[in-house]
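Here's the letter readout for the chains.
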Amino acid sequence: SSHFGSSHLSPRQAAEGSLYAAFLQRARAAFLAMAVCGQCIRRSTRTSKINWDFEPVLQPLPSYAAPPEEWSTFVPISRLPPLPARGLGFFLEPLFGVGAVAFLCTVLVGGTNYSAKTAPSFTAKEVVVAQALIVTWAIVAALCVAYLLFGEAGIIRRRPDTVYPIPPEVAKWLVYGSGVRGHENILGPGGFSYCARCLVWRPPKSHHCSICQRCTSGFDHHCGVFGRCVTSANMPCFCTLIAMAVLGLLTAAITMKQARDGGHLPFVMGPLLLLEPAAQLRR
C-alpha cells in the first residue's frame, strides 16, 4: 500500500487531522463572509442610495409631470443622500484672506491715526475726519469679508421647487440603481440642468464648485483668497471690498504725505474753503 494511505495513521492522528480540516473550513468560511461584508459596506458608502425603510421596487416612480407633493411623498428631501463634503480649500483658503484683510486694516488704521495725531499742521477737524474715514473703510471691509464667508450667496438649496421633479434617470439611480455618484448631470428644458451631486435643478450660468461642493447660480469664479464662490449675488460685496482697499490706501497715503510735508487734507480743507464764502454772505 502507499506510504500516504490512511491505514498507517493512528486513531489519534486521524482525529487530529479531521479537527484541523474542520478548522480550516470554518476559517475559510469566516474569511469569505468578512470579504463579502466588506464589499457590501464599501458599496453602500460609495453609491449614496436612499436608505429606505420599505422596499421601493414595489412602488412605481411618479411621473415626470407629477406635482411636488407626490414626489415629496415618494422621495422626501430629508431622505436624499447627504450633500458632498466640503473641499479642504473651503476651510484653509479663508485663513489667508482674513489674515490679509486684518493685517492691511491694522497697518492703514494705525498709520493714518498716528500721522493725523502727530501732524502739527492738521486742525482738529482734519484729525477727526481722517480717523473717521479710515475706520469707516475698515469696518465696511470687515462686513464685506463676513458676508463673503458666511452669506452663502447664490447657493442653490434643496427645496421642493429645486429638487422636484426628479429626472427619471436620477430617480432610478437613487432607488433601484447604484446611486448617483459618478453620473453626469441631466440637461433639462430652458437651459436648466439637474446636478447629480447636489440633486437640484440649476438655472443657466450655474456651476458646481469642486472646492465648495455646492451648486451656485450666477457663478463668476471661485476666489482662492477667501475660499468662496463669487456669484452675481455677492459680486457687489466683493467689488465693495476691493474699493475699500483702494480708499484705505488713498486715505492713508494722503494723510501721511500731508502730515510729513506740513500741509492740510484736501478732502477736508477743500469743502471748508468752498463753504466759507457762503457762510460769510449769510452773516
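Residues numbered from 1 in each chain as written. Predicted model: local features only at pLDDT ≥ 70, side-chain atom pairs only at ≥ 80, totals over all residues. Heavy atoms only, no water.

**Comments concerning the pattern of salt bridges**
Convention followed: By definition here, a salt bridge exists when the distance from a side-chain nitrogen of Lys or Arg to a carboxyl oxygen of Asp or Glu is within 4 Å. Under the scheme used here, helices are H or I runs from DSSP no shorter than 4 residues and strands are E runs no shorter than 2 residues, and both carry numbers assigned from the N terminus. A simple rule labels every residue: compare its accessible area, found with a 1.4 Å probe on the protein chains alone, to the largest value its type can have, and call it buried under 20%, exposed over 50%, or partly exposed in between.
Summed over the entire model, instances satisfying the criterion amount to five salt bridges. A salt bridge links E152 to R86; its shortest N-O distance comes to 3.9 Å. Of this pair, E152 sits in the loop between α4 (124-150) and α5 (160-163) while R86 sits in the loop between α2 (68-74) and α3 (89-118), and the two are 66 residues apart along the sequence. Accessibility expressed as a relative area gives 34% for E152, which makes it partly exposed. Connected through salt bridges with shared partners, the residues R86, E152 and R157 form a single ionic network.

**So, the packing of α4 against helix α7 (residues 235-261)**
Heads up, the condition is: Lines are fitted to the C-alpha atoms to define the axes, a helix being fitted only along its stretch in contact, and any angle between axes, read from their N-to-C directions, falls within 0 to 180 degrees. Oblique is the label for any angle not covered by the other classes, which are roughly parallel (under 35 degrees), roughly antiparallel (over 145) and roughly perpendicular (65 to 115). Crossing handedness follows the turn of the near helix against the far one: under a right angle anticlockwise gives a left-handed crossing, and clockwise gives a right-handed one. Whether two residues touch is decided by their heavy atoms; if any such pair falls within 4.5 Å, the residues are in contact.
Between α4 and α7, the shortest axis-to-axis distance is 9 Å and the interhelical angle comes to 155°. The angle between the axes of α4 and α7 places the two elements in the roughly antiparallel class. As for how α4 packs across α7, the hand of that crossing is left-handed. Between α4 and α7, the residues in contact are A130, L133, I134, W137, V140, A141, C144, V145, Y147 and L148 and C237, F238, T240, L241, M244, L247, G248, T251 and T255, respectively.

**Quick notes on the nonpolar core**
Our working rule: Among the buried residues, those of types Ala, Val, Leu, Ile, Met, Phe, Trp, Tyr and Cys that are joined through side-chain atoms within 4.5 Å form a nonpolar core.
Within the largest apolar cluster, 21 residues are counted, with the highest numbers of intra-cluster contacts made by W71, V163, I166, V170 and Y194. Mapped by element, the contributors of at least two residues to this core are α2 and α6 (168-175). Residue contributions to this core peak at four residues, all from α6. Setting aside its immediate chain neighbours within four residues, I166 contacts Y64, W71, V75, A171 and Y194.

**Considering the sheet that holds strand β2 (residues 193-194)**
The condition is simple: Criterion used throughout: strands pair if DSSP finds at least two bridges between them.
On the basis of which strands lie adjacent, the open sheet formed by three strands has the order β1-β2-β3 and antiparallel pairing. The two strands at the open ends of the sheet, each matched to only one other strand, are β1 (186-187) and β3 (201-202). Both β1 and β2 contribute to a ladder of two bridges, which runs antiparallel. Along β2, the bridge assignment pairs I186 with Y194.

**A look at the layout of surface pockets**
Using the following cut-off: Points on a 1 Å grid over protein atoms alone make up a cavity when a 1.4 Å probe fits among them but cannot get out, and a pocket when they form an open set with protein on both sides within 12 Å along at least five of seven lines; lining residues each have an atom within 4 Å of a point. Grid points are joined across faces, edges and corners, and a volume is the space filled by probe spheres set on the points. All amino acids are sorted into three groups, where Ala, Val, Leu, Ile, Met, Phe, Trp, Tyr, Cys and Pro are nonpolar, Asp, Glu, Lys and Arg are charged, and the leftover types, Gly among them, are polar.
Of the volumes computed, that of the largest pocket is approximately 170 Å³. Those elements that provide at least two residues to the lining of the largest pocket are α3, α4 and α7. Considered class by class, the residues forming the lining of the largest pocket number 13 nonpolar, one polar and no charged.

**Points about the pairing of strand β6 (residues 219-223)**
For β6 and strand β7 (residues 228-231), the ladder comprises four bridges, and the chain directions are antiparallel. Bridge pairing in β7 places H222 opposite C229. Here β6 folds back onto β7, and the loop between the two strands holds four residues, one of which, G227, carries a positive phi near 70°.

**Considerations on the side chain of H208**
Heads up, the condition is: Polar contact criterion, stated in full: a pair of N or O atoms within 3.5 Å, where within protein one must be able to donate a hydrogen and the other to accept it, and residues adjacent in sequence count only if both atoms are side-chain atoms.
With respect to the secondary-structure elements, H208 resides in strand β4 (residues 207-208). Given the relative accessible area of 6%, H208 is considered buried. In this structure the side chain of H208 is engaged in a polar contact, spanning 3.0 Å, whose partner is the side chain of Q213.

**Some remarks on empty space enclosed by the protein**
Within this structure, the stated rule accounts for one cavity of 30 Å³ or more. By volume, the largest cavity is sized at about 130 Å³. Taken together, 13 residues make up the lining of the largest cavity; nearest its centre are E152, A153, I155, R228 and C229. Elements supplying a minimum of two residues to the lining of the largest cavity: α4 and β7. Of the residues belonging to the lining of the largest cavity, the class tally is seven nonpolar, two polar and four charged.

**Some details on unusual backbone geometry**
Here the residue pair Y164 and P165 is connected by a cis peptide bond, since its omega of -5° sits within 30 degrees of zero. With respect to the helices, strands and loops of the structure, P165 is situated in the loop between α5 and α6. Here E152, not a glycine, exhibits a phi torsion of approximately 50°, which is positive.

**Comments concerning α4**
Heads up, the condition is: Between the first and last residue of a helix there are one fewer steps than residues, each counted as 1.5 Å, and that sum is the expected span.
Helix length check: α4 (27 residues) gives 39 Å between terminal C-alpha atoms against 39 Å at 1.5 Å per residue, within 8%. Taken together, the buried positions of α4 are occupied by E126, V127, A130, I134, W137, A138, A141, C144, V145, L148 and L149. Two residues or fewer past α4, E152 is found with a positive phi of approximately 50°.

**Some thoughts on the side chain of S206**
Here S206 lies in the loop between β3 and β4. By relative accessible area, S206 is classed as buried at 18%. Side-chain polar atoms of S206 contact the backbone oxygen of P203, separated by 2.7 Å. Residues contacting S206, with those up to four places away along its chain left out, are I156, T216, S217 and G218.

The analysis is restricted to geometry; functional conclusions fall outside its scope.
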